[in-house]
Amino acid sequence: MTEKLLQYIWQFQYFNRADLYTTAGEKVAILFPGKWNTNQGPDFSEAKIKLNDTLLAGSVEVHIKTSEWFVHGHQNDPNYCNVILHVVFENDMAENSTATPVLELQNHISKVLLDKYKPYDKAG
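This report concerns the structure included in the present document. Owing to the predicted nature of the structure, the values given are computational and were not obtained by experimental measurement.

Attention now goes to the nonpolar core. Residues Trp-10, Phe-15, Val-60, Leu-85, Leu-105 and Ile-109 are the most contacted members of the largest nonpolar core, which totals 24 residues. Elements supplying a minimum of two residues to this core: helix 1 (3-12), strand 1 (28-32), strand 3 (44-51), strand 4 (54-65), strand 5 (83-90) and helix 3 (111-117).

In the structure shown here, the tally under the stated rule is 6 aromatic pairs. Here the aromatic rings of Tyr-8 and Tyr-14 are separated by 5.8 Å at their centres, their planes lie at 55°, and the arrangement is tilted. Taking relative accessible area as the criterion, Tyr-8 reaches 30% and is therefore assigned partly exposed. Classification of Tyr-14 as partly exposed rests on a relative accessible area of 39%.

Right, let's talk about the environment of Lys-35 for a bit. Take Lys-35: it is sitting in strand 2 (residues 35-36). Judged by its relative accessible area of 45%, Lys-35 is partly exposed. Apart from residues no more than four positions distant in its own chain, Lys-35 is found in contact with Asp-43, Phe-44, Ser-45 and Glu-46.

With that out of the way, let us pick up the pattern of salt bridges. Using the criterion set out here, one finds 1 salt bridge in the structure. One salt bridge in this structure joins Lys-35 and Glu-46, with 3.3 Å as the shortest N-O distance. Placement of Lys-35 in strand 2 and of Glu-46 in strand 3 is noted, with a sequence separation of 11 residues between them. The exposure class assigned to Glu-46 is partly exposed, which follows from its relative accessible area of 48%.

Criteria and cut-off values
- Residues numbered from 1 in each chain as written.
- Predicted model: local features only at pLDDT ≥ 70, side-chain atom pairs only at ≥ 80, totals over all residues.
- Heavy atoms only, no water.
- Core = buried A, V, L, I, M, F, W, Y, C linked by side-chain atoms within 4.5 Å.
- Buried < 20%, exposed > 50% of the residue type's maximum accessible area, 1.4 Å probe, protein only.
- Helix = DSSP H or I, 4+ residues; strand = E, 2+ residues; numbered from the N terminus.
- Phe/Tyr/Trp six-rings, centres within 6.5 Å; stacked < 30°, edge-to-face > 60°.
- Contact = heavy atoms within 4.5 Å.
- Salt bridge = Lys/Arg side-chain N within 4 Å of Asp/Glu carboxyl O.

Okay, here's the thing in structure tokens:
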């Protein structure tokens, strides 16, 4: 799995969108995944999601692991203040140290899809 592949999967919503919950147990409904940003800053802008009964609009950041938020220094970067959802393949942190909700997709992405892209799955 690469971050670029996960961004692609998020952009086109190539995962099972039923029964999505944040790591804190909030129900997630994706109304619009956002516009893919290939420049500096969060990966997707203008996203719209619903957490439980609250409608949120803002940016989405995508990482392979939750801890990469801190490895990349996003907690200290003002460009990431408007991130409404941190989408990860694997949640590798026992608890979320930020106010940003985390959505783990590992169990929502088809193994067939991942196997199809495995030959191209190089670091980077």
